[in-house]
Amino acid sequence: MSTNHHTFQLIATPRTVFHRSSLRQLRQHGRVPAVLYGAESENLAVHVDVKELVKVVRTGRSEFFDLKVEGGPTVPALIKDVQQQQGKILHVDFQQVSKNKPIRVKIPLHYAGTAEGTKVGGVLQIQATELEVEGLPDILPASLDIDITSLDAGDKLLAGDVQLPAGVTMHSQPEELLASIVLPRVADADLAQDAAADGEPAGTVGSGEAAE
């Protein structure tokens, strides 16, 4: 969990032209169109340098930073949403924040460890890479580390199973599937072979009606 807030400063230039060709020109010159959604001001269309933006994106969605608007104020902000295509950032939404007001953000998930189920042929399937949570900016984690070592074959990890830091509340549905350990079909075939070796018709494995 990272607690290094205000590490970065990103400079934003107000946008004055809004037709589609202007967006293309911005991207061709290494700029990314963006919108600053203000907690205490009107929304502002801006553009930022893509290389500098990437540095901020890497810190995590819940790390707030100083957004310096040319000709305007410097405000604490968060990345609200990032639109990408083929690995390139096309557009970004910033959210101005207040330290004293809870905000809702999506926190990246980092799965750590080797699941027990993968040691017996199971396959780890990741269904979600982030969770939506709410809390004060100073206590929001940059990411959530989830230990999956105890997951066995057939086990599922749900959003409701994740332990959140004190003061942070969940907004994702508790029953949302995050990860699971599934047995590949070849494992089903092995079970059928074992059943046949015990004198049971392979077709009866998993379904008593199949032999009728």
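Residues numbered from 1 in each chain as written. Predicted model: local features only at pLDDT ≥ 70, side-chain atom pairs only at ≥ 80, totals over all residues. Heavy atoms only, no water.

Short version of the rule: UniProt positions are given in the numbering used here, feature names are shortened, and annotations may be inferred rather than shown by experiment.
Under an unreviewed UniProt entry, the protein has the name Large ribosomal subunit protein bL25 and belongs to Paenibacillus timonensis. Reading the Function (unreviewed entry) entry of the UniProt record for the protein gives the comment "This is one of the proteins that binds to the 5S RNA in the ribosome where it forms part of the central protuberance." In its Sequence similarities (unreviewed entry) section, the UniProt record describing the protein reads: "Belongs to the bacterial ribosomal protein bL25 family. CTC subfamily."

1. Quick look at the overall build of the protein
Put simply, the test is: The way it works is that DSSP assigns letters per residue, a run of H or I at least four long becomes a helix, a run of E at least two long becomes a strand, and they are numbered from the N terminus. Categorising residues by exposure relies on relative accessible area from a 1.4 Å probe, with only protein chains included: less than 20% of the type maximum marks a residue as buried, more than 50% marks it as exposed, and the intermediate range marks it as partly exposed. Note on definitions: a residue-residue contact is assigned when non-hydrogen atoms from the two residues lie within 4.5 Å. Surface accessibility follows the Shrake-Rupley procedure with a 1.4 Å probe radius. Residue values consider only the protein chains on display as shielding.
Looking only at helices and strands, the protein has 3 helices and 13 strands in total. Expressed as a percentage of its 212 residues, the buried residues of the protein come to 36%. Contacts spanning at least 24 positions in sequence make up 65% of the contacts within the protein whose residues lie at least 6 apart. Surface summary for the protein: the accessible area is close to 12,500 Å², and the carbon and sulfur share equals 49%.

2. Structural notes on the sheet that holds strand 12 (residues 169-170)
Put simply, the test is: Note: two strands are recorded as paired if DSSP finds a minimum of 2 bridges between them.
As summarised here, the arrangement of the 4 strands in space is 10-7-9-12, forming an open sheet in which the pairing is mixed. Of all strands in the sheet, those bounded by a partner on one side alone are strand 10 (144-147) and strand 12. Pairing of strand 7 (residues 103-112) with strand 9 (residues 130-135) involves 6 bridges; the strand directions are antiparallel. Among the inter-strand pairings, P108 is bridged to a residue of strand 9, identified as E130.

3. Considering the environment of A166
For A166, the position within the fold is in the loop between strand 11 (156-158) and strand 12. Between the C-alpha atom of A166 and that of G135, which follows or precedes it by 31 residues, the distance is 9.3 Å.

4. Here we look at the sheet that holds strand 8 (residues 123-126)
Here is the rule: Helix axes are fitted to C-alpha atoms over the stretch in contact, other axes to C-alpha atoms as well, and angles between N-to-C directions run from 0 to 180 degrees.
Spatial ordering of the open sheet is given by 8-13-11, a layout of 3 strands whose pairing is antiparallel. Each edge of the open sheet carries a strand with a single partner, namely strand 8 and strand 11. Within this sheet the neighbouring strands show an average axis-to-axis angle of 10 degrees, counted without direction. Across 4 bridges, the pairing between strand 8 and strand 13 (residues 177-182) is antiparallel. Bridged to V123 within strand 13 is V182.

5. Observations concerning the nonpolar core
The condition is simple: Here, nonpolar core refers to any group of buried Ala, Val, Leu, Ile, Met, Phe, Trp, Tyr and Cys residues whose side-chain atoms link them within 4.5 Å.
Ranked by internal contacts, the top residues of the largest apolar core, which has 23 residues, are V105, L131, V133, I146 and L178. When residues of this core are assigned to their parent elements, the largest contribution, 4 residues, is made by strand 7. Beyond its immediate stretch of four places on either side in the chain, L178 contacts L109, Y111, Q125, I126, Q127, A128, L131, I146, L157, L158, A159 and V162. Membership of the second largest hydrophobic core comes to 19 residues, among which are A34, L53, V69 and F94.

6. Considerations on the pattern of salt bridges
Going by this rule: Salt bridges are identified by distance alone: a Lys or Arg side-chain nitrogen within 4 Å of an Asp or Glu carboxyl oxygen.
Tallying each qualifying case throughout the model produces 2 salt bridges. Residue E116 is joined to K119 by a salt bridge in which the shortest nitrogen-to-oxygen separation is 3.3 Å. Given a relative accessible area of 56%, K119 falls into the exposed group.

7. Structural notes on the packing of aromatic side chains
Selection criterion: Within 6.5 Å between ring centres, the rings of Phe, Tyr and Trp (the latter by its six-membered ring) count as paired, and their orientation is classed by plane angle as stacked under 30 degrees, edge-to-face over 60, tilted in between. Any Lys NZ or Arg CZ that is within 6 Å of a ring centre and within 35 degrees of that ring's normal is treated as a charge sitting over the ring.
Evaluation of the coordinates by the stated rule reveals 1 aromatic pair. Taking the ring centre of Y37 as reference, the NZ or CZ of K80 above it sits at 4.5 Å.

8. A word on unusual backbone geometry
Positive phi outside glycine occurs at Q86, with the angle close to 55 degrees. By secondary structure assignment, the location of Q86 is in the loop between strand 5 (74-85) and strand 6 (88-96).

9. Concerning the pairing of strand 4 (residues 65-69)
For a regular strand, side-chain orientation follows a simple rule: the groups alternate between the two sheet faces. With burial as the criterion, only one face of strand 4 is covered, namely that bearing F65, L67 and V69; the residues D66 and K68 on the opposite face remain uncovered. Note that strand 1 (residues 9-14) and strand 4 share 4 bridges and pair parallel. From the neighbouring strand, I11 faces strand 4, where its bridge partner is K68. Note that strand 4 and strand 5 share 4 bridges and pair antiparallel. Following the sheet pairing, K68 is matched in strand 5 by T74. Here strand 4 folds back onto strand 5 in antiparallel fashion, the turn holding 4 residues, of which G71 has a positive phi close to 75 degrees.

10. Some points on the side chain of S143
Stated precisely, the cut-off is as follows: Pairs of N or O atoms within 3.5 Å make up the polar contacts considered here, provided that, within protein, one atom can donate a hydrogen while the other can accept it, and that residues adjacent in sequence are counted only when both atoms are side-chain atoms.
Along the chain, S143 falls in the loop between strand 9 and strand 10. Here H110 takes part through its side chain, which lies 3.5 Å from a polar atom of the side chain of S143. Sequence-distant contacts of S143, defined by excluding residues within four places in its chain, comprise I107, P108 and H110.

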